Amino acid sequence: MTRIYPHFIVAKFGGTSVADFDAMSRSASLVLADKNVRLVVLSASAGVTNLLVELASGLESRLRLDKIETLRSLQYNILSRLKQPEAIGQEIDRLLDNIHRLAEMAAVARSAALCDELVSHGEMISSLLFVEVLREQEVEAQWFDARKVIRTDDTFGCAAPAISAIAAMAENHLRPRIEQTLVVTQGFIGSDAAGRTTTLGRGGSDYTASLLAEALQASRVDIWTDVAGIYTTDPRIVPQAKRIDNLSFAEASEMATFGAKVLHPATLLPAMRKDIPVFVGASSNPSAGGTRVCRDVATPSRYRALAVRRQQTLLTLSSVNAQPAHRFLADTFAMLSRHEMAFDLVTTSETSIALILNATSATSGEADTLTTALLTELSSHCHVEVETGLALVSLIGNALSEGAAVCKEVFTELENHPVRMICHGASRHALCFLLPAQFADSAVKALHRSLLE
């Protein structure tokens, strides 16, 4: 069958792009400016997810009511600007009442599953409102529940998608719709095999857009956010930071993994598998251009960007017995595996292992993998040290593990910074170091000035 839109685009809009009625109207105009945009993926309105996460933490009655009232006000400020608010007013009220009910349940007993169910309402509401904004611009748009196609496992808070199942369900449920009309759906949320709501982790709407683009073989993914592309570092830390017009998948993936906030760390994996370019731009100023991420970039430079990841925990495990090194390492990693502890950077010596735990990836924002049960088992096996209040700074570039002068150029700038841990050599695209959080910004400024300006 010949496809009506063979080069269709998936467009994702972040929280600031749907923060209020005016922002939604600008985003709607962006969608309508390109007829190839057939699928729109939305985040919750700015600030909503944070409110819902707080409600899921189990607040006492007065605080709970205050948060719900703030949430209601944010959504009603958009609803009241619609020409026909009654079209969806009843459904918005139903969802707000459901938030109230779930928040009361969280105050009695918290759970990761309940948190996912509660926070999913942010995307549900924003997508309903956005459909009405589009319709008021005389465009026929259809609301679609992403949970019908984004199948995941049951790791609540940071669920893993089932790629083949998503492909099959997207072909069955979404393909016929986007051939006929513009479809608006939710990012961030999915469902497990039992039909329970899950989330893909903080910032997961980007990931949703990329997963759906892969499943439906889109020609491009547009990520519309509050900045006009990806910069050499966070401009709030270094005002001299410059936009990078073209990035490779490898470079952008490392930046996202190690703290750059513009993209969710997993966003690029589906795009890489199907070689789908990703564009990042500002919905408030689309004419400013943006960053194009694709497989290869002509003559990329050695140093490309700096990223910071805060709220890091260093777990150091040291052998207390004279056991062989291979046995200590094998037994320790077996324990970590049994407890499904997530870590992404590790260094080892003959008698010790140092791991970095990241508290920023799960929906709840808590490093809940470091459980009492795990610490108890580890303590029976080795000496355990836990250090918090750390930040991971990562230098992103090309062939970093092969450059003779890289370490000199980097660590000369860090001679007055107390570096706690270094990871270098495992990746050609990243050199990472851990240090107390209060030193992170000065380290980034020094390195940016020396290597990127």
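So, a few notes on the structure that sits alongside this text. (Residues numbered from 1 in each chain as written. Predicted model: local features only at pLDDT ≥ 70, side-chain atom pairs only at ≥ 80, totals over all residues. Heavy atoms only, no water.)

**Thoughts on the packing of helix H1 (residues 21-32) against helix H5 (residues 112-136)**
When two helices pack together, their arrangement is given by the angle between the helix axes and by the axis-to-axis distance.
Part 1 of the reasoning: The N-to-C vectors of H1 and H5 enclose an angle of 65 degrees; their axes lie 10 Å apart at closest approach. In this structure, H1 crosses over H5, and the sense of that crossing is right-handed. Here Phe21, Met24, Ser25, Ser27, Ala28, Val31 and Leu32 of H1 lie close against H5, whose contacting residues are Ser126, Leu129, Phe130, Val133 and Leu134.
Part 2 of the reasoning: Taken together, the residues of the contact of H1 with H5 break down into nine nonpolar, three polar and no charged. (Axes fitted to C-alpha atoms, helices over the stretch in contact; angles between N-to-C directions. Helix = DSSP H or I, 4+ residues; strand = E, 2+ residues; numbered from the N terminus. Left-handed = near helix turned anticlockwise from the far one by under 90°. Contact = heavy atoms within 4.5 Å. Nonpolar A, V, L, I, M, F, W, Y, C, P; charged D, E, K, R; others polar.)

**A word on the sheet that holds strand E2 (residues 37-42)**
Part 1 of the reasoning: Spatially, E3-E4-E2-E1-E7-E11-E12-E10 is the arrangement adopted by the eight strands of the open sheet, whose pairing is mixed. At either margin of the open sheet sits one strand with a lone partner, and together these are strand E3 (141-143) and strand E10 (246-248). Between one strand axis and the next, the sheet turns through 20 degrees on average, direction left out of account.
Part 2 of the reasoning: In this sheet, strand E11 (residues 278-282) lies alongside strand E7 (residues 220-225) in parallel orientation, the contact comprising five bridges. Its bridge partner being in E11, Trp224 is matched across the sheet by Gly281.
Part 3 of the reasoning: Strands E2, E3 and strand E4 (182-186) of the sheet are contacted by helix H6 (residues 163-180), whose axis makes an angle of about 120 degrees with E2.
Part 4 of the reasoning: Across the sheet, helix H8 (residues 249-257) lies against E10 and strand E12 (290-294), angled at about 85 degrees from E10, the strand it touches most. (Pairing = 2+ DSSP bridges.)

**Focus on the environment of Val149**
Part 1 of the reasoning: Its place among the elements puts Val149 in the loop between E3 and H6.
Part 2 of the reasoning: Residue classification places Val149 among the buried positions, given a relative accessible area of 1%.
Part 3 of the reasoning: Separated by 82 residues in the primary sequence, Val149 and Tyr231 have C-alpha atoms spaced 33 Å apart.
Part 4 of the reasoning: For Val149, the residues in contact, after removing those within four places along its chain, are Phe144, Ile166, Met169, Ala170, His173, Leu174 and Leu212. (Buried < 20%, exposed > 50% of the residue type's maximum accessible area, 1.4 Å probe, protein only.)

**As for the pattern of salt bridges**
Part 1 of the reasoning: This structure, assessed with the given rule, holds 23 salt bridges.
Part 2 of the reasoning: In this structure, Glu54 and Lys67 form a salt bridge, with 3.0 Å as the shortest nitrogen-oxygen distance. Taken together, the residues span a long stretch of sequence, with Glu54 in helix H2 (residues 48-56) and Lys67 in helix H3 (residues 61-79) at a distance of 13 residues.
Part 3 of the reasoning: Residue Glu54 is classed as partly exposed on the basis of its relative accessible area of 32%.
Part 4 of the reasoning: Here Arg310 and Asp441 are joined by a salt bridge, their closest N and O atoms 2.8 Å apart. In this pair, Arg310 sits in strand E13 (residues 303-319) while Asp441 sits in helix H13 (residues 440-452), placing the two residues 131 residues apart along the sequence.
Part 5 of the reasoning: What makes Arg310 partly exposed here is its relative accessible area of 34%.
Part 6 of the reasoning: Taking the relative accessible area as the measure of exposure, Asp441 reaches 30% and is therefore partly exposed.
Part 7 of the reasoning: Ionic contacts of the salt-bridge type, sharing partners, join the residues Glu60, Arg62 and Asp66 into one network. (Salt bridge = Lys/Arg side-chain N within 4 Å of Asp/Glu carboxyl O.)

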